[in-house]
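Listed below, chain by chain, are the residues.
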Amino acid sequence: MTGKIKGLKCRECGRAYPADPIHVCEMCFGPLEVDYNYDVIKQTLTRESIEKGPPSLWRYIDLLPVEGRATVGLDAGYTPLVHAKNLGAQLGLDELYIKNDTVNHPTLSFKDRVVAVALTRAREMGFETVACASTGNLANAVAAQAAQAGMRCFVFIPANLEAGKVLGNLVYRPTVVEVEGNYDDVNRLCSEIASKYPWAFVNVNIRPYYAEGSKSLAYETVEQLGWKAPDQVVIPIASGSLLTKIWKGLHELHQLGFIDPVTTKLHGAQAEGCSPVATAFKRGVDFFKPVKPNTIAKSLAIGNPADGYYAIKATNESAGSMDFVSDDEIVDGIKTLAQTEGIFAETAGGVTIGVLKKLVKNGLIKKGDVTVAYVTGNGLKTQEAIAEFVGRPVRILPKLQSFEEGVPHAN
Amino acid sequence: MPSLKYHLRFPEEKVPSPIVYEIGKEYPVVTNIRGANVTETTGWLNLELTGEIADIERAVEGLKQKGIQVDPIELDVIE
């Protein structure tokens, strides 16, 4: 579809820019986001045309910021929306659904969505090199998809990162750059590199396009519910971008006439050890105080989140809420989801389920509400977080007697 | 001459201080405020600093020593 992208627009002052690899308003330094021409999109896009599309996020290509066809991450998205009857029964919810991005492709987290969009856009802009600053899921997704796309790839990490996490990136053969210094030092260096080198830095100069990939979670949820927006959604907050883009995606579908006016309540979920956004929300203010993260939920450990302000704003608009959970509650959430629905989530999923439990307990989600909990990454990535809390195998001798005597409930 | 963009946050006790003026006097950098919101209890500024890189880095360190939180305009980019 041609003409669907008007350009970029400042989220603060509204100033318009061409759809270039830029991310900051030159006037007020506010963040830029993609501005669409919905009148053009409306002319051809229908529910039926979407339903005929590929079983991936690219079925919504007309609502994503690429001008040509999809070229990277062709299998990303369109993950299962699981009717969680067992967990729902335990919590007293009839209509609980898990949006299961633990099985996203190719790297088992929702980052596959945003990176598929970012790299497709970067390629059509003529970039040959991609980069990111990441300690986990984002690095995996960028390194894997860059390998598939044949693009040169740089991943920047703090020098003290655990060996296992580095290995998960090295296998795709990017250039992994360990920066001597703390997170602040890596952040500062990456901002400077992104402004100097002609690279597609996915979460810096390509961020306006990259972030739009998260909207596909809203589109899929609505389509999988039979073109109906949920009553309640529970979304983990790291940078805050995911929550704001799900909100944007729901409103776009209404604007296009695909769903009724959006009455969905957004509920943001953070870990207690890194909860700048949820803490600000609970205090009733729209600015947050940066924190030094200290939580097992490493994939949500962003102490100075770029979209924190906008996440608070969207949650207020929806009349929703935010909350946080302790590390113990995170582990409990992971185990609960695994033992009721057979879904092994990483720590961010434990945060989502932990906050879901609190919302039900506090009466903010009712029995009949259509509720969707976003589970954004696979538990195989953070096994160390629960290793001490899942028990041990029962050890026996290779004899029937040993089995019958040593294994509970064997008879 | 290079220009770098920063997001500054002021704690309550620093709100009345003329920090930007002081930095411009103490270091050879041009300060240019591009966005701001200051209340009685807190405040933030989007600030452009123009000068030699080494001078900008010294000015940033000076801001931090005055108790100001200084971050790249993008805030955290590690995800």
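Now for a look at the structure at hand. Here the structure is a predicted model, which means the values were calculated and not measured. Within any chain, residue numbers begin from 1 and follow the written order of that chain's sequence. Each chain is given a letter, starting from A, and each ligand a number, starting from 1, according to the order in which they appear as written. Two thresholds apply to this predicted model, a pLDDT of at least 70 for residue-level local features and 80 or more for giving and counting side-chain atom pairs, whereas whole-chain, interface and lining totals are computed over all residues.

The next point concerns the overall build of chain B. Helix and strand content of chain B: two helices and four strands. Compactness check: chain B gives a C-alpha radius of gyration of 12 Å against a globular reference of 12 Å for 79 residues, within 12% of the reference. Burial in this document is a count-based property: other C-beta atoms within 10 Å of a residue's C-beta are tallied, and the residue is buried at 20 or more, exposed at 12 or fewer, or partly exposed in between, with C-beta positions derived from the backbone. For chain B, the proportion of its 79 residues judged to be buried stands at 33%. Contact criterion: two residues are in contact if their C-beta atoms, reconstructed from the backbone, are within 7 Å. Taking the intrachain contacts of chain B between residues at least 6 apart in sequence as the baseline, contacts between residues at least 24 apart amount to 67%. Strands here mean DSSP runs of E at least two residues long; helices mean DSSP runs of H or I at least four residues long; both are numbered from the N terminus. Put simply, the radius of gyration uses C-alpha atoms, and a globule should come to 2.2 Å times the residue count raised to 0.38.

The subject of this paragraph is the pairing of strand S1 (residues 3–10) of chain B. Residue and element names in this part refer to chain B. Going residue by residue along S1, you find Leu4, Tyr6, Leu8 and Phe10 tucked away on one face and Ser3, Lys5, His7 and Arg9 left uncovered on the opposite face. By the bridge criterion, eight bridges tie S1 to strand S3 (residues 43–50) in an arrangement that is antiparallel. Within the sheet, the bridge partner assigned to Arg9 lies in S3 and is Trp44. Bridging between S1 and strand S4 (residues 69–72) involves four bridges; their strand directions are antiparallel. Within S4, the residue paired with Tyr6 across the bridge is Pro72. The pairing criterion is simple: DSSP has to find at least two bridges between the two strands.

So, on to the sheet that holds strand S9 (residues 200–201) of chain A. All names here are of chain A. With respect to topology, four strands assemble into an open sheet ordered S8-S7-S6-S9, the strand pairing being parallel. Each edge of the sheet is formed by a strand with only one pairing partner; in this case those strands are strand S8 (175–179) and S9. Only C-alpha atoms enter the line fits that serve as axes; for helices the fit covers just the stretch in contact. Angles between N-to-C directions range over 0 to 180 degrees. Its contacts with the sheet put helix H5 (residues 137–149) on strand S6 (129–133) and strand S7 (152–158), and the angle it makes with S7 is roughly 165°.

So, on to the interface of chain A and chain B. At the interface, 26 residues of chain A touch 15 residues of chain B. Among the elements that take part in the side of chain A that touches chain B, helix H7 (residues 183–196) of chain A stands out by supplying six residues, more than any other.

It is worth spelling out helix H12 (residues 308–317) of chain A at this point. Residues lying three or four places apart along an α-helix face the same way, a consequence of the helix completing one turn every 3.6 residues. Residues and elements named next belong to chain A. Extensive coverage of H12 is indicated by the burial of seven of its ten residues. Gly308, Tyr309, Tyr310, Ala311, Ile312, Ala314 and Thr315 are the residues of H12 that are buried. Its buried side turned inward, H12 meets helix H10 (241–255), strand S11 (265–271), helix H11 (276–283) and strand S12 (321–325). Phi for Ala319, located one or two positions after H12, is positive at around 60°.

What follows is about the packing of helix H4 (residues 111–124) of chain A against H5(A). All names here are of chain A. Interaxial distance between H4 and H5 falls to 9 Å at its minimum, and their mutual angle equals 45°. Taken together, the axes of H4 and H5 lie oblique to each other. For H4 against H5, the interelement crossing comes out right-handed. Contacts between H4 and H5 involve Lys111, Asp112, Val115, Ala116, Leu119 and Arg123 on the former and, on the latter, Asn137, Leu138, Ala141, Val142, Gln145, Ala146 and Ala149. The nonpolar class holds Ala, Val, Leu, Ile, Met, Phe, Trp, Tyr, Cys and Pro. Asp, Glu, Lys and Arg form the charged class, and all remaining residues, Gly among them, are polar. By residue class, the composition of the contact of H4 with H5 is eight nonpolar, two polar and three charged. Small angles under 35 degrees read as roughly parallel and large ones over 145 as roughly antiparallel, with 65 to 115 read as roughly perpendicular and the rest as oblique. Take the far helix as your reference; a near helix turned counterclockwise from it by less than a right angle gives a left-handed crossing, and one turned clockwise gives a right-handed crossing.

Turning our attention to the sheet that holds strand S13 (residues 371–375) of chain A. Residues and elements named next belong to chain A. Across the sheet, which stays open at both edges, the six strands sit in the order S4-S5-S13-S10-S11-S12 with mixed pairing between neighbours. With partners counted over all chains shown, the strands left at the sheet margins are strand S4 (81–83) and S12, one partner each. Going from strand to strand, the sheet's axes swing by 25° on average, the running direction of each strand aside. With three bridges joining them, strand S10 (residues 232–236) and S13 adopt parallel strand pairing. The residue bridging Val233 from the neighbouring strand is Val372, located in S13.

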